[in-house]
Amino acid sequence: MPIDVRTRLINPRTKQVNSVSDNRFKPTEILIDNQANVSIVHPDLARNIEPAKKQVKINGVGGHQFTVKSTGFLDPLFPVYVSEQTKANILSFAQVEDQYPITYTPQESFTIHLPRGDITFKRRDGMYVADWNDYRDVFYSSYRRRKYCGHAKPNSRRCSASL
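Report follows, based on the coordinates. (Residues numbered from 1 in each chain as written. Predicted model: local features only at pLDDT ≥ 70, side-chain atom pairs only at ≥ 80, totals over all residues. Heavy atoms only, no water.)

Digging into the side chain of S92
Looking at the element boundaries, S92 is found in strand β8 (residues 89-92). From its side chain, S92 meets the backbone oxygen of A36 in a polar contact 2.9 Å long. If near-sequence neighbours (up to four positions away) are discounted, S92 is found in contact with D33, A36, N37, V38 and S39. (Helix = DSSP H or I, 4+ residues; strand = E, 2+ residues; numbered from the N terminus. Polar contact = N/O pair within 3.5 Å; in protein donor to acceptor, adjacent residues only side chain to side chain. Contact = heavy atoms within 4.5 Å.)

Let's talk about the layout of surface pockets
The calculated volume of the largest pocket comes to roughly 300 Å³. If you go around the largest pocket, you meet 16 residues; those closest to its centre are E50, T71, G72, P79 and V80. Taken together, the elements giving at least two residues each to the lining of the largest pocket come down to β5 (47-60), β6 (65-74) and β7 (78-82). Looking at the lining of the largest pocket, the element that brings in the most residues is β5, giving six residues. Class assignment of the residues belonging to the lining of the largest pocket gives a composition of seven nonpolar, six polar and three charged. (1 Å grid on protein atoms, 1.4 Å probe; cavity = no way out; pocket = protein on both sides within 12 Å on 5 of 7 lines; lining within 4 Å. Points joined across faces, edges and corners; volume = space filled by probe spheres on them. Nonpolar A, V, L, I, M, F, W, Y, C, P; charged D, E, K, R; others polar.)

Considerations on the nonpolar core
In this structure, L74, L77, L91, I112, I119, F121 and W132 are the most contacted members of the largest nonpolar core, which totals 23 residues. Among the secondary structure elements, those contributing two or more residues to this core are β3 (29-33), β7, α1 (93-97), β10 (109-114), β11 (117-124) and β12 (127-131). In this structure, F25, V56, I58 and I90 belong to the second largest nonpolar core, which totals 15 residues. (Core = buried A, V, L, I, M, F, W, Y, C linked by side-chain atoms within 4.5 Å. Buried < 20%, exposed > 50% of the residue type's maximum accessible area, 1.4 Å probe, protein only.)

Some words on the pattern of salt bridges
As enumerated under the stated definition, the model contains three salt bridges in all. In this structure, the salt-bridge partner of E29 is R124, at a minimum N-O distance of 2.9 Å. Highlighted residues: E29 in strand β3 and R124 in strand β11, separated in sequence by 95 residues. The exposure class of E29 is buried, given its relative accessible area of 7%. Overall, the relative accessible area of 29% leaves R124 in the partly exposed class. In this structure, the salt-bridge partner of R47 is D75, at a minimum N-O distance of 2.9 Å. Of this pair, R47 sits in strand β5 while D75 sits in the loop between β6 and β7, and the two are 28 residues apart along the sequence. You can call D75 buried: its relative accessible area is 9%. (Salt bridge = Lys/Arg side-chain N within 4 Å of Asp/Glu carboxyl O.)

Rendered as C-alpha cells:
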C-alpha cells in the first residue's frame, strides 16, 4: 500500500503533511511531491540552520501537529524548512520546478537538472524518492572545496589538508 505524502494549504501559516508513519524511508531519503507547497527536511540534511522568518504549523494525519521554527539550506538546491519532528523529508516539486528544469520518465523517475549534475528521484511504492547521501556528498565536497581551497589547485597540499 503506497503512502500518501502531500501538503495542502490550510491557512497561510499552516500546512498539511499526510502520513509517513511506517518508517518505509531512510532518514536520508527525500520525497519529491507535486502537491507540496513547502519543503521540509530533518536538520541532519541541511546546513546553515537558523530561525525562520515565518514559523509554519504542520498538520499530519492522526493529529500529529508541530510548529516549524527553523530554516536551513538543502545542498545544492535552496532554503527549506527544518524540523526534527518531521516524519518525512519532503521536497516541493513546485519550488524545484521554479528554479531548475525537471525531466519526467513515466513510471520510472523525476530528474532535476543542475549545472553541476543531476539528481534523480526513482519511483518506489508509488512515491519518487532520492537518497540525499548519494548527492549531497558530491555537492558538499565541491562546496567545501570552493570554500576551503579558494583558487588553490584541487590537488594542492593546501586544498587536500583542508578536506
